[in-house]
Amino acid sequence: MIKLYNFGARSLCAAVCGVTALHLTLNSPCSILDLQKVHARVIKTDLYPYGFLGDRLVSAYANCGLSIDASRLFDEIPRKDLVSWNSLISAFSRNRNYGESLNIFRWMISANLKPNFVTVVSVASAYGNINALDEGMRLHGYVEKAGFLSFAEVVNSLITMHGKCGLIDLAHKLFEVVTTKNTVSWNSIITIHSQTGSVEGVFVLFNSMRRAEIKPDRATVVSVLQGCANLAAVRKGIVIHGYIVSNGFSMDTPVKTALITFYAKSGNLNSSCEIFGEMNDPDNIAWTAMVGAYAVHGQGRAAIEVFEDMIIKGEIPDHVTFTHVLNACSHSGLVIEGEKYFKAMAENYKIQVSVDHYSCMVDLLGRFGLLEEARQLIESMTVQPNSAVWGALLGACRVHRNIKLGKEAADRLYELNPSDPRNYIILSNIYSREGLWEESSKVRALMKERGLGRTPGCSFIEYGGKVLKFVVDDRSHPESQEMYDKLAELTRKMSESGYVPETEFVLHDVADNLKVEMISTHSEKLAIAFGLLNIGAGMPIMIIKNLRICGDCHNAAKFISAIENRVLIIRDSKRFHHFREGTCSCGDYW
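Keep in mind the model is a prediction, meaning the values are calculated, not measured. (Residues numbered from 1 in each chain as written. Predicted model: local features only at pLDDT ≥ 70, side-chain atom pairs only at ≥ 80, totals over all residues. Heavy atoms only, no water.)

*Asks:* Please give an account of the overall build of the protein that cites residues and values.
*Replies:* Helix and strand counts for the protein come out as 30 helices and six strands. Taken across its 590 residues, the protein has 51% of its residues classed as buried. Taking the contacts inside the protein whose residues are at least 6 apart along the sequence as the reference set, 63% of them involve residues at least 24 apart. (Helix = DSSP H or I, 4+ residues; strand = E, 2+ residues; numbered from the N terminus. Buried < 20%, exposed > 50% of the residue type's maximum accessible area, 1.4 Å probe, protein only. Contact = heavy atoms within 4.5 Å.)

Below you can see the structure in the form of structure tokens.
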């Protein structure tokens, strides 16, 4: 509601024009320059910054990623009511700036304002996305005491929050107590399974939803596609693609965008390109998805071409678009181009440089061997560097064997996130590769002292309508003997072709023959053997790895692709590797 004073008709008319212009700006794609023009127009009204105008401008700036401008404008509102607070909290949460959203929430609490159900929905989303379990449980307790469980929006947000925090059972209990499950309720629980990698769970719920005569909507099919993409469940994803076509979703831009991402993550970049080419008027999200598709496949030049076409077509890139562009540059060693776009992001598009963008740039410089430049960039950051930034530097130190800088990066990571075992393992790897076994042992002892365990590597392959999982030295599969026989045959043929096991990737001080034995049964090698035995000749073999592929497995995959005359596609935690005729699409730059 606009707060009215004794203004004349001209002032009121100007205010209404400002509201209308701002409403149109908020509900259609716009550039930051357009928003600033609207702001300049609205600021001339006598009602600024009171009431609706101030709240909507705060949301608009936050949604554009301009957190400083949004906060400054919020500070100018003389009488902040619950609507004003919720506006800013919700905007930051929707914009995935969860830390800032929660900071504002705490500020609101300190101002003695009680959250309402609208506040709870935004805060629950933020807690879930940063995996803040303790705070999330306290919020759940508040919801029960305040009687907000009667609001379906609140229950759905709690379901999502608990699911993202790993409390799947609690999320299911909440879902079961919802008396009237609507589409959003089903979508919330489906999304949880999609994000946790339970493709079977996604399809069970999807079919149950249809049996309950609740018609899936856009969000439903997007979530199911995301679940299929996470584990490259190609056949199931194709089934959903058929459902999309037969149920009238095929012209829906967000659904087609999800299809672009699904096929890209399933190793089928050509299908992503075809779907994008069929779109009459792709929005900036669809363009961004296509840039990301090329980026994850390591095709930096192609990603840049799509980005430049996006600009020519008049679409405005956002902070996510630039994250993909910088990632594409990083995976392709395009340092000059990366620096160019990093600079243009702030200067030409007025996008606030986030910690994610800095992380990409540190990774870009570090991969290329410019470790000192990467460190200087961290020191010059305008925001506080987080674990992703220092982790990118630590990873680069592992690749380029820089012990001193690696130790510094690891120490910073121990301070920021002492419970993440990956940082300890990378530093231990740096030491062990140089034969510094005593230092490596100290790092592992520190892990043990802090009760940290290594995330086990595992690989996934789709076969027979199911996604199968393999771990190192896995003998649980019915075809284990055949797989190990195939591996022995491959090892013999690779050795005859010049393959030498790269035992430097074994992080233990043991005899060389034991090192060879330890790396010979890595999960991706077992998955490759299974694929060769079961997937028809001439068909590509697609494998998902939860961790970064090790150097020996990468080298072995090149040999196997040549020996077996097969295309091997491996998606690790960072990117795709397409192995064909003894070479990899990454050009060994990874």
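*Asks:* Residues and numbers for the pattern of salt bridges, please.
*Replies:* Scanning the entire structure with this criterion turns up 19 salt bridges. Between D473 and R475 there is a salt bridge, with its nearest N and O atoms 3.5 Å apart. We classify D473 as partly exposed; its relative accessible area is 41%. A single salt-bridge network, built from bridges that share partners, covers K486, E489, K493 and E564. (Salt bridge = Lys/Arg side-chain N within 4 Å of Asp/Glu carboxyl O.)

*Asks:* Residue-level account of the layout of surface pockets, with values.
*Replies:* Of the voids in this model, the second largest pocket is the one considered here, and its volume is about 570 Å³. Looking at the second largest pocket, it is lined by 22 residues, and the ones nearest its centre are V234, I535, M539, P540 and M542. Elements represented by at least two residues in the lining of the second largest pocket include exactly α14 (234-246), β1 (458-463) and β5 (576-580). Tallied by class, residues from the lining of the second largest pocket come to 12 nonpolar, seven polar and three charged. (1 Å grid on protein atoms, 1.4 Å probe; cavity = no way out; pocket = protein on both sides within 12 Å on 5 of 7 lines; lining within 4 Å. Points joined across faces, edges and corners; volume = space filled by probe spheres on them. Nonpolar A, V, L, I, M, F, W, Y, C, P; charged D, E, K, R; others polar.)

*Asks:* I'd love a proper account of the sheet that holds strand β4 (residues 568-571), names of residues and values included.
*Replies:* Reading across the sheet, the six strands line up as β2-β1-β3-β4-β5-β6 and stay open at both edges, with mixed pairing between neighbours. One side of each edge strand has no neighbouring strand; the edge strands of this open sheet are β2 (466-471) and β6 (583-584). (Pairing = 2+ DSSP bridges.)

*Asks:* Residue-level account of the environment of G531, with values.
*Replies:* Here G531 lies in helix α29 (residues 523-534). G531 sits in the buried class, given a relative accessible area of 0%. Considered as a pair, G531 and I541 are 10 residues apart in the sequence and their alpha carbons are 6.1 Å apart. With residues near it in sequence (within four places) discarded, G531 still touches I461, I541 and R566.

*Asks:* Just give me the short version of the side chain of H577, but keep the residues and values in it.
*Replies:* Note on placement: H577 falls in strand β5. A polar side-chain atom of H577 sits 3.4 Å from a polar atom in the side chain of D572. Look past the residues within four positions of H577 in its chain and what remains in contact with it is I549, H554, L568, I569, I570, D572, C584, S585, C586 and W590. (Polar contact = N/O pair within 3.5 Å; in protein donor to acceptor, adjacent residues only side chain to side chain.)

*Asks:* A description of unusual backbone geometry should follow, citing residues and the corresponding values.
*Replies:* Of note in this structure, K350 is not a glycine but carries a positive phi near 55°. Counting through the fold element by element, K350 comes out in the loop between α20 (335-347) and α21 (355-367). With a phi close to 50°, N565 is a non-glycine residue in the positive phi region. Along the chain, the position of N565 falls in the loop between α30 (551-563) and β4.

*Asks:* Can you break down the pairing of β5 residue by residue, with the values?
*Replies:* Counting buried positions along β5 gives four out of five residues, so the element sits mostly inside the fold. Pairing geometry for β4 and β5, over four bridges, is antiparallel. When the bridges of β5 are listed, R571 appears paired with F576. A loop of four residues connects β4 with β5, the two strands running antiparallel in sequence. As judged from the two bridges shared by β5 and β6, these two strands associate in the antiparallel manner. Bridge pairing in β6 places F579 opposite C584. The turn joining β5 and β6, which pair antiparallel and follow one another in sequence, is formed by two residues; a positive phi near 50° is taken by E581.

*Asks:* Please give an account of helix α15 (residues 253-265) that cites residues and values.
*Replies:* Taking 1.5 Å as the rise per residue, α15 with 13 residues should run 18 Å; its terminal C-alpha atoms sit 18 Å apart, in good agreement. If you check which residues of α15 are buried, you get V255, K256, T257, A258, L259, I260, F262, Y263 and A264. Packing partners of the buried residues in α15 comprise α13 (218-230), α14, α16 (269-278), α17 (284-296) and β5. Remark: G267 follows α15 within two positions and exhibits a positive phi of approximately 85°. (Expected span 1.5 Å × (residues − 1).)

*Asks:* Please give an account of the environment of M290 that cites residues and values.
*Replies:* One can find M290 in helix α17. Here M290 falls in the buried class, since its relative accessible area comes to 1%. Note: C-alpha distance between M290 and T257 (33 residues apart in sequence) is 8.3 Å. In this structure, M290 is in contact with I260, L269, S272, C273, F276 and V306, ignoring residues within four places of it in sequence.

*Asks:* For the packing of α21 against helix α22 (residues 371-379), give the residues involved together with the corresponding values.
*Replies:* Contact pair α21 / α22: the axes reach a minimum separation of 7 Å and the direction vectors enclose 165°. The orientation of α21 with respect to α22, classified from their angle, is roughly antiparallel. When you trace α21 past α22, the crossing you get is right-handed. Residue-level contacts link Y358, M361, V362, L365 and G366 of α21 to L371, E373, A374, L377 and I378 of α22. Split by residue class, the contact of α21 with α22 holds eight nonpolar, one polar and one charged. (Axes fitted to C-alpha atoms, helices over the stretch in contact; angles between N-to-C directions. Parallel < 35°, antiparallel > 145°, perpendicular 65-115°, else oblique. Left-handed = near helix turned anticlockwise from the far one by under 90°.)

*Asks:* Give me the confidence of the model for the protein: which residues, what numbers.
*Replies:* Averaged over the protein, the pLDDT score is 86; the fraction of residues at 70 or greater is 89%. By mean pLDDT, the top-scoring element of the protein is helix α18 (residues 300-312) (97), and the lowest-scoring one is helix α1 (residues 9-26) (43). In the model, residues 1-29 has pLDDT below 50 throughout and makes 33 contacts with residues more than four positions away in sequence or in other chains. (pLDDT = per-residue confidence, 0-100.)

*Asks:* Give a detailed account of the environment of N270, specifying residues and quantitative values.
*Replies:* Checked against the element boundaries, N270 lands in helix α16. On the basis of relative accessibility, which here comes to 58%, the residue N270 falls in the exposed class. Separated by 10 residues in the primary sequence, N270 and I260 have C-alpha atoms spaced 9.7 Å apart.

*Asks:* So what's going on with the packing of aromatic side chains? Residues and values would help.
*Replies:* How two aromatic rings sit relative to each other is given by the distance of their centres and the angle of their planes. For the structure shown, the criterion picks out 16 aromatic pairs. Geometrically, the ring pair formed by F206 and Y243 is edge-to-face, given 5.4 Å between the ring centres and 85° between the ring planes. Residue F206 is located in helix α12 (residues 199-211), and its partner Y243 is located in helix α14; the two are separated by 37 residues in the primary sequence. An angle of 85° between the planes, with centres 5.5 Å apart, marks the rings of Y463 and F530 as edge-to-face. Taken together, the residues Y463 in strand β1 and F530 in helix α29 connect sequence positions 67 residues apart. Taking relative accessible area as the criterion, Y463 reaches 36% and is therefore assigned partly exposed. Of the residues examined, F530 reaches a relative accessible area of 1% and is grouped as buried. Ring pairs connect the aromatic residues F117, Y142, F148 and F151, which therefore count as one cluster. The positively charged end of K181 is found above the aromatic ring belonging to F175, 5.1 Å away from the centroid. (Phe/Tyr/Trp six-rings, centres within 6.5 Å; stacked < 30°, edge-to-face > 60°. Lys NZ or Arg CZ within 6 Å of the ring centre and 35° of its normal.)

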